[in-house]
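# Observations on the model geometry
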Amino acid sequence: MIDETNFYELPYIFVSNLTHMFTHKPLRRFITLGQFIIERQADFPFAKGELSRLLRDIGIAAKLVNREVTKAGLADILGDMGETNVQGEDQKKLDVYANEQFINALRSGGECMAIASEENEDLIDIDSVVSKDAKYVVCMDPLDGSSNIDVNVSIGTIFSIYRRPEHLTGPTSIEDFMQKGVDQVAAGYVIYGSSAMLVYTTGKGVNGFTLDPSIGEFCLSHPDMVMPKDGAIYSINEGNHLHFPEGVKKYVKYCQEIDKETKRPYSSRYIGSLVADFHRNLIKGGIYIYPSTLKSPKGKLRLLYECNPLAFIAEQAGGKASDGFNRILELQPTSLHQRTPLYIGSVNMVDKAEEMMRIYSAETANH
Ligand code: AHG
Ligand code: MN
Ligand code: MN
């Protein structure tokens, strides 16, 4: 009989042996997501394997979603469902598919007691038999950047995991989700791009895994990811310029000024998929801003399943995340779909943007 570890070794053994047979090159060990999670399990204070299984379930759902994303142009899966989600935005078919895949994976995995999803107004209580001892709640944006699906631009999934607070007993309620970002036990995202990648943290650094389609496994490709302290890219929807707070207008002007020493002007890059913009800035250095605007005074992005998980990853990689004045991870949530302005990326760039906000837009600080 094979145990769990051996099971995860199988693709590696199989592929390494094949490679060896045909090339006679030395065997190169690569680490799959499943292996890595199990190896790192001991790092985790409550390590009994539940969190590992939860992460593994998310990895499996991500592969199913990636399969559909890559054939979206072929299958009759594009286009509006003709329904709107709780934010009043049009839902695409893939949003619905991704939501179902992640919910099903978490429901059958047995470690998740409730889910908060962008696509569902209320929390999803999981009361299956296998989940009766579950201790974790998950917040997720099952498909981020969905307006980019139809045009073959990268999209993503964002997730955030909390343990149930000890003082709560009985059925799950919204209280289970009203935890600050600092209390996350794990967070991550999947980017469905030119490759599919899964990046996650459990509070001990950030690691990235690229899907090898030939074996259907996420393999460790970006160990110990570090966000450069400075960058030369700013990402913001400049179409909203007239509606920006004065501090953001001044910061954008600063990015565009010429200064050799600080390598300005910076490049402007805005994909319109938060995951993709964040992922690029994580690797190259940069800042992403979605500020409050006259139209959306609290910003557009959602605290629980967009800002908190990416803020956790940014900080773990040496970056920073703020609402313009306060650390994102210390904001107290009061509702499932709460919005917040977001300034996230290289630490020196976020510091500079905050400085401009303090000087020119102190009146917009709303926390
Ligand atoms: P979602 O597709 O989950 O609704 O998220 C879209 C978000 C985010 O991904 C992106 O950065 C931002 O909306 C873009 O908004 P604008 O079009 O207003 O710039
Ligand atoms: Mn989103
Ligand atoms: Mn979404």
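Residues numbered from 1 in each chain as written. Chains lettered and ligands numbered in written order. Predicted model: local features only at pLDDT ≥ 70, side-chain atom pairs only at ≥ 80, totals over all residues. Heavy atoms only, no water.

### Let's talk about the coordination of the manganese ion (ligand 2)
Coordination of the manganese ion (ligand 2) by the protein is provided by D141 (OD), D144 (OD) and E306 (OE), with metal-donor distances spanning 1.9 to 2.2 Å. Read N to C, the donor residues that coordinate the manganese ion (ligand 2) are spaced as D-x2-D-x161-E. Between the two metals, the manganese ion (ligand 2) and the manganese ion (ligand 3), the spacing is 3.8 Å, and D141 donates to both. With D144 in strand β5 (residues 136-144) and E306 in helix α7 (residues 303-316), this residue pair connects regions lying 162 residues apart in the sequence. (Donors = N, O, S within 2.8 Å, 3.2 Å for Na, K, Ca; no water. Helix = DSSP H or I, 4+ residues; strand = E, 2+ residues; numbered from the N terminus.)

### Let's talk about the coordination of the manganese ion (ligand 3)
The coordination sphere of the manganese ion (ligand 3) contains the protein donors E118 (OE), D141 (OD) and L143 (O), at a distance range of 2.0 to 2.3 Å. Counting residues between consecutive donors of the manganese ion (ligand 3) along the chain gives the motif E-x22-D-x1-L.

### Some words on the packing of helix α3 (residues 50-70) against helix α4 (residues 93-109)
Contact pair α3 / α4: the axes reach a minimum separation of 9 Å and the direction vectors enclose 155°. Comparing the axis directions of α3 and α4 gives the class roughly antiparallel. Between α3 and α4 lies a crossing of right-handed hand. From α3, L54, D57, I58, A61, A62, L64, V65, R67, E68 and V69 reach across to α4, where they touch L94, Y97, A98, Q101, F102, A105, L106 and G109. Partitioned by chemical class, the residues of the contact of α3 with α4 number 13 nonpolar, two polar and three charged. (Axes fitted to C-alpha atoms, helices over the stretch in contact; angles between N-to-C directions. Parallel < 35°, antiparallel > 145°, perpendicular 65-115°, else oblique. Left-handed = near helix turned anticlockwise from the far one by under 90°. Contact = heavy atoms within 4.5 Å. Nonpolar A, V, L, I, M, F, W, Y, C, P; charged D, E, K, R; others polar.)

### Focus on empty space enclosed by the protein
Counting across every chain of the model gives two cavities of 30 Å³ or more. Estimated volume of the largest cavity: approximately 190 Å³. Around the largest cavity, the lining is made up of 20 residues, and of these R40, Q41, L55, Y200 and T202 lie nearest the centre. For the lining of the largest cavity, the secondary-structure elements that each account for two or more residues are α2 (33-40), α3 and β8 (196-201). Looking at which element gives the most residues to the lining of the largest cavity, the answer is α3, with four residues. Residue composition of the lining of the largest cavity, grouped by class: eight nonpolar, seven polar and five charged. (1 Å grid on protein atoms, 1.4 Å probe; cavity = no way out; pocket = protein on both sides within 12 Å on 5 of 7 lines; lining within 4 Å. Points joined across faces, edges and corners; volume = space filled by probe spheres on them.)

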